[in-house]
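# Structural features, examined
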Amino acid sequence: FVDEHYYNSPEWFQKNATRYDKYDRTAPKVFAGEYAVQTVAIASPDNKNSWVTALSEAAFMTGLERNADVVYMTSYAPLFAHAEGWQWTPDLIWFNNLSSYATPNYYVQKLFSNNKGTDLLKITENGKAVTGQNKLYSSAVFDEKSKEIIIKIVNADTQPKEVNLNTKNLRFDDKMIKIILSADTLDTENSFTSEPIQPKEKSESIKRGKISTEIPSKSVVILKINKL
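Here goes a summary of the coordinates provided. (Residues numbered from 1 in each chain as written. Predicted model: local features only at pLDDT ≥ 70, side-chain atom pairs only at ≥ 80, totals over all residues. Heavy atoms only, no water.)

## A few points about the environment of Phe60
Applicable threshold: Every helix listed is a DSSP run of H or I at least four residues long, and every strand listed is a run of E at least two residues long, numbered separately from the N terminus.
With respect to the element layout, Phe60 can be found in helix H2 (residues 51-66). A sequence separation of 50 residues divides Phe60 from Pro10, and the C-alpha atoms of the two residues are 9.6 Å apart.

What follows is the structure, encoded as structure tokens:
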């Protein structure tokens, strides 16, 4: 394995969603052992766990998932920090002597982890992987146990996007689960007093076998569809 670490800007993470698309398949496999977006500078004490960091990490993670034949393991870092005794920012979960809170980055990690599936699926636009065209990023998997098609879409744009999916004559249920993680601004953060950034789940109808849905601006969306 090669142990790679990435601490860089939101722009770097979004740009590098294609990092492993042309990776040598005969080379050593990759363990992304440490990664986290830095809002100010690498190792700056002023780095924040703002929404732009989680959104950009999600965009990058679609590339990790799309290349799961190469990227075998990943780990956000650091994981924990005490509010009055930390050494590094940002961190995944913050705590003090009485309580804790989950950052937006934590919820991105949780969504990807709980929806990783068993088999990779191709998701393309005009024959190309969705890697940032029009600020959209995507990956897709099938879960053999639950029989679900799971699609992850990141919209890094300031405008919502209407997405229409052609499933090539696959038969599926007439309902899909849509999980949305988003924030009003890129600077929004969670805190000990409130967690405004948390996943919200709802159900949408699939009409006449066509999957069409809106992806809100600055959002991470998970679509889960039961295959028949």
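Let us keep going from here.
## Looking at the sheet that holds strand S6 (residues 100-102)
Two modes of strand pairing occur in sheets, parallel and antiparallel, and in both the strands are linked by backbone hydrogen bonds. To be explicit about the condition: What makes two strands pair is DSSP finding at least two bridges between them. Between N-to-C directions, angles cover 0 to 180 degrees, with each direction set by a line fitted to C-alpha atoms, over the stretch in contact for helices.
Taken in spatial order, the 3 strands line up as S4-S5-S6 in an open sheet, and their pairing is mixed. With one partner strand each, in any of the chains shown, strand S4 (80-82) and S6 form the two edges of the open sheet. Each adjacent strand pair in this sheet contributes to an overall mean axis angle of 20°, direction not counted. Bridge count for strand S5 (residues 93-95) against S6 is 3 bridges, and the pairing is antiparallel. Residue pairing across strands places Trp94 opposite Tyr101, the latter belonging to S6.

## Some words on the packing of H2 against helix H3 (residues 104-114)
So the rule is basically this: Angular relationships are summarised with four words: roughly parallel below 35 degrees, roughly antiparallel beyond 145, roughly perpendicular across 65 to 115, and oblique for the angles in between. Handedness of a crossing is defined here by the sense of rotation of the near helix relative to the far one, left-handed for an anticlockwise turn of less than a right angle and right-handed for a clockwise turn. The contact definition used throughout considers only heavy atoms, calling two residues in contact when any of these lie within 4.5 Å. Ten residues, namely Ala, Val, Leu, Ile, Met, Phe, Trp, Tyr, Cys and Pro, are considered nonpolar, four, namely Asp, Glu, Lys and Arg, are considered charged, and the remaining ones, Gly among them, are considered polar.
Between H2 and H3, the least distance of the axes is 8 Å, while the angle of their chain directions is 25°. The angle between H2 and H3 places the two elements in the roughly parallel class. Crossing handedness for the pair H2 and H3: right-handed. Listed contacts from H3 to Trp51, Thr53, Ala54, Glu57, Ala58, Met61, Thr62 and Glu65 of H2 are Pro104, Asn105, Val108, Gln109 and Phe112. Partitioning the contact of H2 with H3 into residue classes produces 7 nonpolar, 4 polar and 2 charged.

## Concerning the layout of surface pockets
How we decide: Definitions used throughout: a 1 Å grid over protein atoms alone; a cavity as a set of points that fits a 1.4 Å probe which cannot get out; a pocket as an open set with protein on both sides within 12 Å along at least five of seven lines; a lining residue as one with an atom within 4 Å of a point. Grid points are joined across faces, edges and corners, and a volume is the space filled by probe spheres set on the points.
Estimates place the volume of the largest pocket at around 740 Å³. As for the largest pocket, its lining consists of 25 residues, and the residues nearest its centre are Lys122, Ile123, Thr124, Leu165 and Asn166. Of all the secondary-structure elements, those providing two or more residues to the lining of the largest pocket are strand S8 (124-125), strand S10 (136-143), strand S11 (148-155) and strand S12 (161-165). Broken down by element, the residue count for the lining of the largest pocket peaks at 5 residues, all from S12. Residue composition of the lining of the largest pocket, grouped by class: 12 nonpolar, 7 polar and 6 charged.

## Thoughts on the nonpolar core
What counts here: Residues enter a nonpolar core if they are buried and are Ala, Val, Leu, Ile, Met, Phe, Trp, Tyr or Cys, with the set joined through side-chain atoms within 4.5 Å. Only protein chains enter the accessibility calculation, which uses a 1.4 Å probe. A residue is then buried if its area is under 20% of the maximum for its type, exposed if over 50%, and partly exposed in between.
By size, the foremost hydrophobic cluster in this structure holds 35 residues, and its most contacted members are Tyr6, Tyr20, Trp51, Val108 and Leu181. Of all the secondary structure elements, the ones that give two or more residues to this core are strand S2 (30-37), H2, H3, S10, S11, strand S13 (172-182) and strand S16 (219-227). Of the residues forming this core, the biggest block, 8 residues, is contributed by H2. Excluding its chain neighbours within four sequence positions, the residues that come into contact with Trp51 are Pro104, Val108, Leu181, Ser182, Ala183, Thr185, Leu186, Thr188, Ile197, Lys218, Ser219 and Val220. Grouped together as the second largest cluster of nonpolar side chains are 19 residues, Ala140, Ile151, Val163 and Val221 included.

## Some words on unusual backbone geometry
Each neighbour pair has its own omega, and for Ala77 with Pro78 the value is -5°, a cis peptide bond. Mapped onto the secondary structure, Pro78 falls in the loop between strand S3 (71-74) and S4. Backbone torsion omega between Thr89 and Pro90 reads 0°, so that peptide bond is classified as cis. By the element assignment, Pro90 lies in the loop between S4 and S5. Positive phi outside glycine occurs at Ala43, with the angle close to 70°.

## Some points on H2
Definition in use: Here the expected span of a helix is defined as 1.5 Å times the quantity of residues minus one.
When the terminal C-alpha atoms of H2 are compared, their 23 Å separation across 16 residues agrees well with the 22 Å that a helix rising 1.5 Å per residue should span. H2 sits mainly inside the fold: 16 of its 16 residues count as buried.

## Describing H3
For an α-helix, 3.6 residues make a turn, and residues three or four places apart therefore share a direction. Those residues of H3 that fall on the buried side of the exposure criterion are Pro104, Asn105, Tyr107, Val108, Gln109, Leu111 and Phe112. Buried-residue contacts for H3 involve S2, H2, S6, S11, S13 and S16.

## Here's the deal with the pairing of S16
The buried count for S16 comes to 7 of 9 residues, which makes it a mostly enclosed element. Summarising the sheet, S11 and S16 pair through 8 bridges and their orientation is antiparallel. Its bridge partner lying in S16, Ile151 is registered against Leu223. Looking at chain direction, S13 and S16 are connected through 8 bridges and run antiparallel. The residue bridging Phe172 from the neighbouring strand is Lys227, located in S16.

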